[in-house]
Amino acid sequence: MYNSESNDLDFVINNFYLNNASVSYTDATLAHKVEIPINNINIKGENINLETLTKIGITANFNNGGKFIANWKGLLSTNWDSHNLMVHISNFNLSQVSPYCEHYFGYPISDGIF
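Residues numbered from 1 in each chain as written. Predicted model: local features only at pLDDT ≥ 70, side-chain atom pairs only at ≥ 80, totals over all residues. Heavy atoms only, no water.

Asks: Account for the sheet that holds strand 7 (residues 84-90), naming residues and giving values.
Replies: Spatially, 3-4-5-6-7 is the arrangement adopted by the 5 strands of the open sheet, whose pairing is antiparallel. Pairing within the sheet leaves two strands with one partner each, and these edge strands are strand 3 (12-27) and strand 7. Adjacent strand axes in the sheet meet at a mean angle of 10° when their direction is disregarded. Two strands pair when backbone bridges link them, and strand 5 (residues 54-62) and strand 6 (residues 67-74) are joined in this way by 8 bridges, in the antiparallel orientation. Each residue of the ladder has a partner; that of Ile 58, found in strand 6, is Ala 70. (Pairing = 2+ DSSP bridges. Helix = DSSP H or I, 4+ residues; strand = E, 2+ residues; numbered from the N terminus. Axes fitted to C-alpha atoms, helices over the stretch in contact; angles between N-to-C directions.)

Structure representation (C-alpha cells):
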C-alpha cells in the first residue's frame, strides 16, 4: 500500500509460510560438479514489514541426514546493526563440498561430517 501523504511505502506481511519445498544446489564451474539436494525446506516469516522487528526461521534437510536451521530477526529498514542471524548445520556430509576444497586448497575431502 502506498501512503501518498508521506510518500512512504507501507509493506506488511503478517505471516508467511513455505512448507516442504525442495531445491538442488548445483555448481558446474569447477573441474568436478557440485550437487547438493536440499529437501523439506520450511520457512516461517512473522511481522514482515519496514517499521518493526521482523522474524524469519528456516529449516531444511540435506541428503544423508544433514540438517540446516537458520533464525533471523532485524529491522528491514535500517543498517546491519539491528540484524541478528543464527545458523546451525549438523550431520552435513563434507564430501559433498570436496570439489571446492580441491579447487581452492588442492586436496579433496574423502570423508567427514560437519
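There is more to say, and it comes next.
Asks: Please provide a residue-by-residue account of helix 1 (residues 98-105), values included.
Replies: For helix 1, the full list of buried residues reads Ser 98, Pro 99, Tyr 100 and Cys 101. For helix 1, the secondary structure elements touched by its buried residues are strand 3 and strand 4 (34-49). Of the residues one or two after helix 1, Gly 106 is the one with positive phi, at around 90°. (Buried < 20%, exposed > 50% of the residue type's maximum accessible area, 1.4 Å probe, protein only. Contact = heavy atoms within 4.5 Å.)

Asks: Account for unusual backbone geometry, naming residues and giving values.
Replies: For residues besides glycine, phi is generally negative; the peptide bonds are generally trans as well. At Asn 47, a position not held by glycine, the phi torsion is positive, near 55°. Mapping Asn 47 onto the fold places it in strand 4. By relative accessible area, which is 32% here, Asn 47 ends up partly exposed. If you check the backbone angles, Asn 64 has positive phi at about 65° while not being a glycine. If you trace the backbone, Asn 64 turns up in the loop between strand 5 and strand 6. Residue classification places Asn 64 among the exposed residues on the basis of a relative accessible area of 57%.

Asks: Let's hear about a nonpolar patch on the surface: which residues, and what values?
Replies: On the surface, Phe 11, Ile 13, Phe 16, Leu 18 and Leu 76 cluster together into a nonpolar patch covering about 380 Å² of accessible area. Looking at the secondary structure, you find Phe 16 in strand 3. Owing to a relative accessible area of 38%, Phe 16 belongs among the partly exposed residues under this scheme. (Patch = residues over 30% accessible without salt bridge, like charges linked within 9 Å, V, L, I, M, F, W, Y side chains within 5 Å. Areas by Shrake-Rupley, 256 points an atom, 1.4 Å probe, with all protein chains shown as cover. Salt bridge = Lys/Arg side-chain N within 4 Å of Asp/Glu carboxyl O.)

Asks: Go over the pattern of salt bridges, please, and point to the residues and values.
Replies: One pass over the structure, following the stated rule, counts 1 salt bridge. Across the salt bridge formed by Lys 44 and Glu 46, the nearest N and O atoms sit 3.0 Å from each other.

Asks: For the side chain of Gln 96, give the residues involved together with the corresponding values.
Replies: With respect to the element layout, Gln 96 can be found in the loop between strand 7 and helix 1. Residue Gln 96 is classed as buried on the basis of its relative accessible area of 12%. For Gln 96, the contacting residues outside a window of four places in its chain are Val 34, Glu 35, Ile 36, Pro 37 and Asn 63.

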